[in-house]
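Observations on the model geometry
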Amino acid sequence: QGMAEADKKQYEVIYKGYMKGHNGWVTSMQFGAREGRDNFLISSSRDKSVLIWKLKPEGTEDEEFGTPFKILKGHSHFINELSLSNDCAHCLTAGWDGFIRMWDINEGKTVRLFKGHTKDVLSVAFSQDNRQIISGGRDKTIRLWNILGENKYTIESAHNDWVSSVRFSPDKSQDLFFSAGWDRKVKLWNKKSMSEFVPDSPINFSSQYLSTLAIAPSGAFVATGGKEGNLKILSVKQKPDLSFGLEDTRNCPLLNEINTVAFSPKFFWVACGCDNGIKLYDFKANNVFADIQMQPLEETSKDEDKEEEEEEKKEKKVKRVHKIGVLSMCMNTAGNLIFAGCTDNNIRVFEIAEKKAQQPKYQ
């Protein structure tokens, strides 16, 4: 469904299968990689639950790519986001009920309840060492917590509107974290002083709210997008005075609302989950190389389709097509699989595969 060239190789995106289990929009996902143990997927939903999925071995022909084997319940409203610890032992969830929960993955139980936000919590993240937690929400605050659930610091009015996304830098040498908000801004923060690195000159982010934020595995780039449908890539730069700043690097109008972004762990690619599917952007080449529409999982047969078309012609009715949006995404560690959480409550799986050269045909 799409092709790209990286390291002089051609790649294509292939639909691999689906995962069914949630009864609401799939709002957040992460891939869990554990040494000596099976990898897993963990997802949250508007059905107020978290599911942990057993994945089928790669190469399996079964279209059902994974099955849920554990469910975590406790929130009384939608779960907006989750964050998995680096050791895959614990998970954080941000809920519209105003609470953050920490879960023991093996036990499937809440081990900490974080109370402090006065409105819906929209985003939560573990630090690289799993010892600190940041969160943001509709009360416009950013809060720093320890793993005991103690609110160590609160940045009041961190944004002039809802704080939609918060992320720590994956670079352990940099005490940085980032935030995006409905005030159309991305901010860079000093974790030690809990103060903002004020930009030397304003960056024009968007004319409408920003929904999402992702940091490249190196910590050198930030991707953001939102209602306007403009993907923006920023560079994280250290200044001569050892402070940090953001530099406008790439802009790519996708023309569809962006709900989520994710960096490839393998290439200079960003996957964008939009209100009509997935777009894959190569930010070295500065182009979109794949546009993947989400197809309904239950397909009717061709004969049934013809019968329906004939009936509609007779009744002069217009068939309505409901778009399936992508709200959440993640990639596996190898960077060859994309998991997409959708508005039809299902997860779809796509493979980025090297395109095989066509063999010449001989008469």
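These numbers come from a predicted model, not from an experiment.

Quick look at the overall build of the protein chain
When its secondary structure is counted, the protein chain shows one helix and 29 strands. Here the protein chain holds 363 residues, and 52% of them are scored as buried. Pairs at least 24 apart in sequence give 48% of the contacts found in the protein chain among residues at least 6 apart. Here the protein chain displays about 18300 Å² of accessible surface, and carbon together with sulfur accounts for 46% of that area.

Overview of the state of the cysteines
Scanning the model with the defined rule gives zero disulfides in all. You can see Cys272 has no disulfide; the closest cysteine sulfur is in Cys274, sitting 5.7 Å from it.

Thoughts on the sheet that holds strand β21 (residues 230-238)
In spatial order, the strands read β19-β20-β21-β22; together these four strands make up an open sheet with antiparallel pairing. If you trace the sheet from one side to the other, it starts and ends with β19 (210-215) and β22 (244-253), each paired once. Going across the sheet, the axis of each strand differs from the next one's by a mean of 25°, ignoring polarity. In this sheet, strand β20 (residues 221-226) lies alongside β19 in antiparallel orientation, the contact comprising five bridges. Among the inter-strand pairings, Ala214 is bridged to a residue of β20, identified as Ala223.

Examining the packing of aromatic side chains
Under the criterion given, the structure shown has 18 aromatic pairs. Residues Tyr15 and Phe350 carry aromatic rings whose centres are separated by 5.7 Å and whose planes lie at 65° to one another, so their mutual orientation is edge-to-face. Here Phe350 lies in strand β29 (residues 347-354) and Tyr15 lies in strand β2 (residues 9-19), a separation of 335 residues in the sequence. Using a relative accessible area of 2% as the deciding quantity, one classes Phe350 as buried. Within the aromatic cluster, the residues linked to one another by ring pairs are Tyr11, Phe267, Trp269 and Phe289. Across the ring face of Tyr18, the terminal group of Lys20 is positioned such that the distance to the ring centre comes to 5.9 Å. A cation sits over an aromatic face here: Arg138 above Trp96, 4.3 Å from the ring centre.

Looking at unusual backbone geometry
Although it is not a glycine, Met194 sits at a positive phi angle of roughly 55°. Along the chain, the position of Met194 falls in the loop between β17 (186-190) and β18 (195-196). What makes Met194 buried here is its relative accessible area of 7%. One non-glycine residue with positive phi stands out, namely Asn345, at about 80°.

Focus on the nonpolar core
Membership of the largest hydrophobic core comes to 21 residues, with the highest contact counts inside it found for Ile278, Leu280, Ile292, Met294, Met329 and Ile338. Those elements giving two or more residues to this core turn out to be β2, β24 (269-274), β25 (277-282), β26 (287-293), β27 (326-331), β28 (337-342) and β29. In this structure Met329 touches Met29, Thr260, Val261, Ala262, Ala271, Cys272, Gly273, Ile278, Ile338, Phe339 and Ala340, once residues within four positions along its chain are discounted.

As for the sheet that holds β17
An order of β15-β16-β17-β18 is seen for the four strands of this open sheet, with the pairing classed as antiparallel. The open sheet has two edge strands with one neighbour each: β15 (163-168) and β18. For β17 and β18, the ladder comprises two bridges, and the chain directions are antiparallel. Across the sheet, the residue bridging to Asn190 is Ser195, located in β18.

Looking at the side chain of Glu257
Relative to the helices and strands, Glu257 resides in the loop between β22 and β23 (258-263). One polar contact links Glu257 to Tyr209, side chain to side chain, over a distance of 3.0 Å. For Glu257, the contacting residues outside a window of four places in its chain are Tyr209, Gly226, Lys227, Gly229, Gly273, Cys274 and Asp275.

Quick notes on the pattern of salt bridges
Evaluation of the coordinates by the stated rule reveals 14 salt bridges. In this structure, the salt-bridge partner of Lys323 is Asp275, at a minimum N-O distance of 3.8 Å. With Lys323 in the loop between α1 (302-315) and β27 and Asp275 in the loop between β24 and β25, this residue pair connects regions lying 48 residues apart in the sequence. The class of Lys323 is exposed, set by a relative accessible area of 57%.

Comments concerning the side chain of Ser179
With respect to the helices, strands and loops of the structure, Ser179 is situated in strand β16 (residues 176-181). On the basis of relative accessibility, which here comes to 0%, the residue Ser179 falls in the buried class. A distance of 2.7 Å separates polar atoms of two side chains, one belonging to Ser179 and the other to His159. Reaching out from Ser179, the side chain makes a polar contact with the side chain of Trp189 at a distance of 2.9 Å. Setting aside residues up to four positions removed in sequence, Ser179 forms contacts with Ile142, His159, Val163, Ser165, Val166, Lys185, Val186, Lys187, Trp189 and Leu213.

Conventions and cut-offs
Residues numbered from 1 in each chain as written. Predicted model: local features only at pLDDT ≥ 70, side-chain atom pairs only at ≥ 80, totals over all residues. Heavy atoms only, no water. Helix = DSSP H or I, 4+ residues; strand = E, 2+ residues; numbered from the N terminus. Buried < 20%, exposed > 50% of the residue type's maximum accessible area, 1.4 Å probe, protein only. Contact = heavy atoms within 4.5 Å. Areas by Shrake-Rupley, 256 points an atom, 1.4 Å probe, with all protein chains shown as cover. Disulfide = S-S within 2.5 Å. Pairing = 2+ DSSP bridges. Axes fitted to C-alpha atoms, helices over the stretch in contact; angles between N-to-C directions. Phe/Tyr/Trp six-rings, centres within 6.5 Å; stacked < 30°, edge-to-face > 60°. Lys NZ or Arg CZ within 6 Å of the ring centre and 35° of its normal. Core = buried A, V, L, I, M, F, W, Y, C linked by side-chain atoms within 4.5 Å. Polar contact = N/O pair within 3.5 Å; in protein donor to acceptor, adjacent residues only side chain to side chain. Salt bridge = Lys/Arg side-chain N within 4 Å of Asp/Glu carboxyl O.

Structural measurements only, silent on function.
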